[in-house]
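Observations on the model geometry
Listed here are the chains, written in short residue letters.
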Amino acid sequence: MHSLIDDFTGNLFQDPVGPCISLYQPTHRSHPDNGQDPIRFGNLVKKAEASWKERYPDKDPAPLLANLRKLGEERNFWNHTLDGLAVLVSPDMFRVYRLQRAVPELVNVGDSFHIKPLLRMVQSADRYQVLAINRHSAKMFVGNRDALDPFEAGDDFPDTLEAVLGDDPLRQRPASWARGAAATIAGVNDGQIERSKLVDADTEQFFRAVDRAVAEQFSRPARLPLMLAALPEHQAMFRKLSHNAYLLPQGIDTHPDAISLDELRERAWRVMEPKYLERLAGLVDMYHAARARWLANDDIAQVARSAVSARVSTLLVEADRQVNGRMDLQSGAVDFAAEGGIGEDLLDDIAEKVIANGGQVVVVPKGRMPSETGLAAIYRF
């Protein structure tokens, strides 16, 4: 399964070789509800084929459709879905993403990918990560207000004590032992060493390795708030040695294996919700303050040109809103489609340009948007 975060940070969706097919559908996590998911997917593939023939009658969609139909027949895949599914296909790319949020059924065939539903997954202000850790193991989770799921770390992630220390013979010694280099490792003088001090030294070494790996593999690429789920004594030890700038001061004080995944999500969201609301309010206040200084705008045509010229530092985009039309990716000029007409999602195209030029995009619920046009841009200059 592909990493949505890695693909976004790698600008994988920029300037694709078209035509491009974007399929979205809600899915289900368990039987019997998930039994209809592959059937619905097959119907979306048929719609994609019809749309392709309408827009690109001189181009053959067979190779792309073959990949989609093959996915629809993979029973194991459909038995392990989450709440939503996104599939992006072009002549040189095939990407499949399991999503933690349900998405409306959507088929888009065009010169570029329709990625705004994915923007909501990676750019929404309610997303966070959880590190669940004890003396022996570490697990990463990624979540939002609705869901929390394990994050599949790479083989180089130090998920166990043994992965960091190996089969260290020193840790197999009796409760107390005498003299030597191991005494120095444990941080005590030569002589007898209590096993508890050796255990603490091992734990500290394990926690340091996990802290480095989480920062490099999760926090820096995703730039998401990180919550620590651990017993109080482990919270104190980890925080003392951590250098992760995204680690929140509030944690979840419990042994992570002692509660269910759903309870872990509930407790994580209780920590995250005030920060989520505070961040949204801060962004809206920033927009109004910038607008008073002529450094913000909500006019789609003007924001599109500003996005191309790299003026936009922060773009707020209304969730589930679509504005059809076409955007010249070189000049930023836009043509709005007539009602019911065919076109790309302008909000989608503008957001892609902002990300490509180093700006941030935040998908905001309709009720908290500071504008009625579907977007609100804060300028750098």
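Notes on the structure in this doc start here.

Scoring rules and cut-offs
- Residues numbered from 1 in each chain as written.
- Predicted model: local features only at pLDDT ≥ 70, side-chain atom pairs only at ≥ 80, totals over all residues.
- Heavy atoms only, no water.
- Salt bridge = Lys/Arg side-chain N within 4 Å of Asp/Glu carboxyl O.
- Helix = DSSP H or I, 4+ residues; strand = E, 2+ residues; numbered from the N terminus.
- Phe/Tyr/Trp six-rings, centres within 6.5 Å; stacked < 30°, edge-to-face > 60°.
- Buried < 20%, exposed > 50% of the residue type's maximum accessible area, 1.4 Å probe, protein only.
- Lys NZ or Arg CZ within 6 Å of the ring centre and 35° of its normal.
- Pairing = 2+ DSSP bridges.
- Axes fitted to C-alpha atoms, helices over the stretch in contact; angles between N-to-C directions.
- Contact = heavy atoms within 4.5 Å.
- Parallel < 35°, antiparallel > 145°, perpendicular 65-115°, else oblique.
- Nonpolar A, V, L, I, M, F, W, Y, C, P; charged D, E, K, R; others polar.
- 1 Å grid on protein atoms, 1.4 Å probe; cavity = no way out; pocket = protein on both sides within 12 Å on 5 of 7 lines; lining within 4 Å.
- Points joined across faces, edges and corners; volume = space filled by probe spheres on them.

Section: the pattern of salt bridges
Following the criterion strictly, the structure yields 13 salt bridges and no others. Taking the shortest distance from any N to any O, the salt bridge between Lys 53 and Glu 49 comes out at 3.5 Å. Of this pair, Lys 53 and Glu 49 are both found in helix 2 (residues 37-55), four residues apart, which corresponds to roughly one turn of the helix. Across the salt bridge formed by Asp 257 and Lys 139, the nearest N and O atoms sit 3.7 Å from each other. In this pair, Asp 257 is assigned in the loop between strand 11 (252-253) and helix 10 (261-292) and Lys 139 in strand 6 (residues 138-143), connecting sequence segments 118 residues apart. Overlapping salt bridges bring together Arg 29, Asp 83 and Asp 149 as one network.

Observations regarding the packing of aromatic side chains
Going through the model one piece at a time under the given rule, you end up with 10 aromatic pairs. On the basis of an interplanar angle of 85 degrees and a centroid distance of 5.0 Å, the ring pair of Phe 151 and Phe 218 is categorised as edge-to-face. Here Phe 218 lies in helix 8 (residues 195-222) and Phe 151 lies in the loop between strand 7 (148-150) and helix 6 (161-165), a separation of 67 residues in the sequence. What makes Phe 151 partly exposed here is its relative accessible area of 26%. Overall, Phe 218 belongs to the buried group, its relative accessible area being 3%. With a centroid separation of 5.7 Å and an interplanar angle of 65 degrees, the aromatic rings of Phe 207 and Phe 238 are classed as edge-to-face. You can see Phe 207 sitting in helix 8 and its partner Phe 238 sitting in helix 9 (residues 232-241), a full 31 residues away along the chain. Assessed through its relative accessible area of 0%, Phe 207 is described here as buried. Residue Phe 238 is classed as buried on the basis of its relative accessible area, which comes to 1%. Aromatic rings pair up to connect Phe 13, Tyr 97 and Phe 113 into one cluster. Over the face of the ring belonging to Tyr 379 we find Arg 311, whose NZ or CZ atom lies 4.1 Å from the ring centre.

A few points about the sheet that holds strand 2 (residues 84-90)
Strand order in the open sheet formed by four strands is 3-2-1-4, with antiparallel pairing between adjacent strands. Whereas interior strands pair on both sides, the edge strands pair on one side only; in this sheet they are strand 3 (93-99) and strand 4 (106-110). Taking the axes of each pair of neighbouring strands and ignoring which way they run, one obtains an average angle of 5 degrees across the sheet. One ladder, built from six bridges, connects strand 1 (residues 20-26) with strand 2; its direction is antiparallel. Paired with Leu 23 across the bridge in strand 2 is Val 87.

Comments concerning the sheet that holds strand 16 (residues 344-345)
Across the sheet, three strands lie side by side as 15-14-16; this open sheet has antiparallel pairing. This sheet does not close on itself; its edge strands, each paired only once, are strand 15 (334-336) and strand 16. Note that strand 14 (residues 324-327) and strand 15 share three bridges and pair antiparallel. Bridge pairing links Gly 325 to Phe 336 in strand 15. Helix-sheet contacts for helix 12 (residues 346-356) involve strand 14, strand 15 and strand 16, and the interaxial angle to strand 14 is about 35 degrees.

Observations regarding unusual backbone geometry
Excluding glycine, residues mostly carry a negative phi; peptide bonds, for their part, are mostly trans. Residue Pro 19 is bonded to the preceding Gly 18 through a cis peptide linkage, with omega at -5 degrees. For Pro 19, the position within the fold is in the loop between helix 1 (4-9) and strand 1. The linkage connecting His 31 with the following residue, Pro 32, adopts the cis geometry, with an omega of 5 degrees. By secondary structure assignment, the location of Pro 32 is in the loop between strand 1 and helix 2. We note that Trp 294 has phi near 60 degrees; this positive angle belongs to a residue other than glycine. Here Asp 320, not a glycine, exhibits a phi torsion of approximately 65 degrees, which is positive.

Brief notes about the packing of helix 2 against helix 3 (residues 62-72)
Contact geometry for helix 2 and helix 3: axes closest at 9 Å, N-to-C directions at 170 degrees. The angle between helix 2 and helix 3 places the two elements in the roughly antiparallel class. Within the contact between the two elements, helix 2 uses Pro 38, Phe 41, Val 45, Glu 49 and Trp 52 and helix 3 uses Leu 64, Leu 65, Leu 68, Arg 69, Leu 71 and Gly 72. Each residue belonging to the contact of helix 2 with helix 3 can be placed in one class, and the counts come to eight nonpolar, one polar and two charged.

Considering empty space enclosed by the protein
Any empty space left between the atoms is revealed when a probe the size of a water molecule rolls over them. Tallying each qualifying case throughout the model produces one cavity of 30 Å³ or more. Computed from the structure, the largest cavity encloses a volume of approximately 60 Å³. Lining the largest cavity we find Asp 7, Phe 8, Asn 11, Leu 12, Phe 13, Gln 14, Ile 115, Glu 352 and Ile 355. Secondary structure elements with two or more residues in the lining of the largest cavity: helix 1 and helix 12. When its residues are assigned to classes, the lining of the largest cavity shows five nonpolar, two polar and two charged.

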